[in-house]
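Reading the structure
Spelled out from the first residue to the last, the chains are:
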Amino acid sequence: MSLPIYLIGARGCGKTTIGQALSQALGYAFRDTDHHLQLTTQRSVAEIVATEGWDSFRARESESLRAVTAPASVIATGGGMVLADVNRHFMREHGQVIWLNAPSDVLADRLERQPEAAQRPTLTGRPIAEEMEDILRERAQLYRQAAHHEVNAMQAPEQVVEHILQSLSLARA
Ligand code: ADP
Ligand code: MG
């Protein structure tokens, strides 16, 4: 059985971009927990947070992690998925966990170039570069704990995919 591959890391690290390319390389399905949440609730992440608050969003995020977990799939997770112990344990037990790691200035730069970045509220309302720095400082340890493998997400997407395949000893389909 092919275990699911979970991609973790902060917003902008490439979970969606790399996840799609990796799933194609392996002939796996691609799932995205944020996308799943939007489909099942018919609301954007920003709307859920605005109407129900972050705690409720986090609970729904945990449910979506379970819902999308299936063999032979690459799963892009929400940036805060690792905050809950239960999510970190679930991912480690059910599949292979890859941390896409990049420095905060690179992440902020990528997000600022995305027009849809405005749809997702920042946690504090401060400039995105400052906030990414705090988020990484706070979460790096959790990403590291959750991950079976850490991959440098500053490389070109093709190379990131190649390194993931190598670290998991998987061949292209
Ligand atoms: P995430 O899903 O982790 O938030 P995305 O896959 O949406 O990240 O990527 C965020 C932005 O960064 C997108 O504009 C994407 O094209 C770009 N990007 C992602 N990975 C890379 C990479 N390895 N090199 C350069 N740009 C990248
Ligand atoms: Mg994404």
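Provided above is the structure to which this section pertains.
By convention here, each chain's residues receive numbers from 1 onward along its written sequence. As they are written, the chains are lettered A onward and the ligands numbered 1 onward, keeping that order. Note on the predicted model: pLDDT of at least 70 is required for a residue's local features to be given, and 80 or more for side-chain atom pairs to be given and counted; whole-chain, interface and lining totals, by contrast, use all residues. The side-chain quantities take in all heavy atoms of the structure and omit both hydrogens and water.

Examining the sheet that holds strand 4 (residues 96-101)
Cut-off, in case you're wondering: Note: two strands are recorded as paired if DSSP finds a minimum of 2 bridges between them. Secondary structure follows DSSP: runs of H or I at least 4 residues long count as helices, runs of E at least 2 residues long count as strands, and numbering of each begins at the N terminus. Axis lines are fitted through C-alpha atoms, for helices just across the contact stretch, and the angle between N-to-C directions can take any value from 0 to 180 degrees. Should any heavy atoms of two residues lie within 4.5 Å, those residues are counted as being in contact.
Sheet architecture is open: five strands sit in the order 2-3-1-4-5, paired in parallel fashion. The open sheet is flanked by strand 2 (29-32) and strand 5 (149-152), the only strands paired with a single partner. Each strand axis lies, on average, 25° off the axis of its neighbour in the sheet, ignoring direction. For strand 1 (residues 5-8) and strand 4, the ladder comprises four bridges, and the chain directions are parallel. Note that in strand 4 the partner of Ile5 across the bridge is Gln96. Most of the contacts of helix 5 (residues 85-94) go to strand 1, to which it runs at about 145°, and overall it touches strand 1 and strand 4. Helix-sheet contacts for helix 8 (residues 157-167) involve strand 1, strand 4 and strand 5, and the interaxial angle to strand 5 is about 160°.

Re the site of ligand 1
What counts, and what does not: When at least one non-hydrogen atom of a residue lies within 4 Å of a molecule or strand, that residue is treated as near it. Under the rule applied, a polar contact is a pair of N or O atoms within 3.5 Å (in protein, one hydrogen donor and one hydrogen acceptor; residues adjacent in sequence only if both atoms are side-chain atoms). In these tables, accessible area is a Shrake-Rupley quantity obtained with a 1.4 Å probe, and a residue counts as shielded only by the protein chains included in the view. Gly is put with the polar residues, along with every residue not named as nonpolar or charged; the nonpolar set is Ala, Val, Leu, Ile, Met, Phe, Trp, Tyr, Cys and Pro, and the charged set is Asp, Glu, Lys and Arg.
Within the structure, ligand 1 sits among 13 residues, and Gly12, Lys15, Thr16, Thr17 and Gln155 are positioned closest to it. In this structure, Gly14 approaches ligand 1 through a main-chain N or O atom, which is 3.0 Å from an oxygen atom. Between ligand 1 and Gln155 there is a distance of 2.8 Å, counted from a nitrogen atom to a backbone nitrogen or oxygen. Isolated, ligand 1 exposes 570 Å² of accessible area, and the fraction of that covered by the protein chains is 72%. Ranked by residue count, the leading element in the shell around ligand 1 is helix 1 (residues 15-26), at three residues. Tallied by class, residues from the shell around ligand 1 come to four nonpolar, six polar and three charged.

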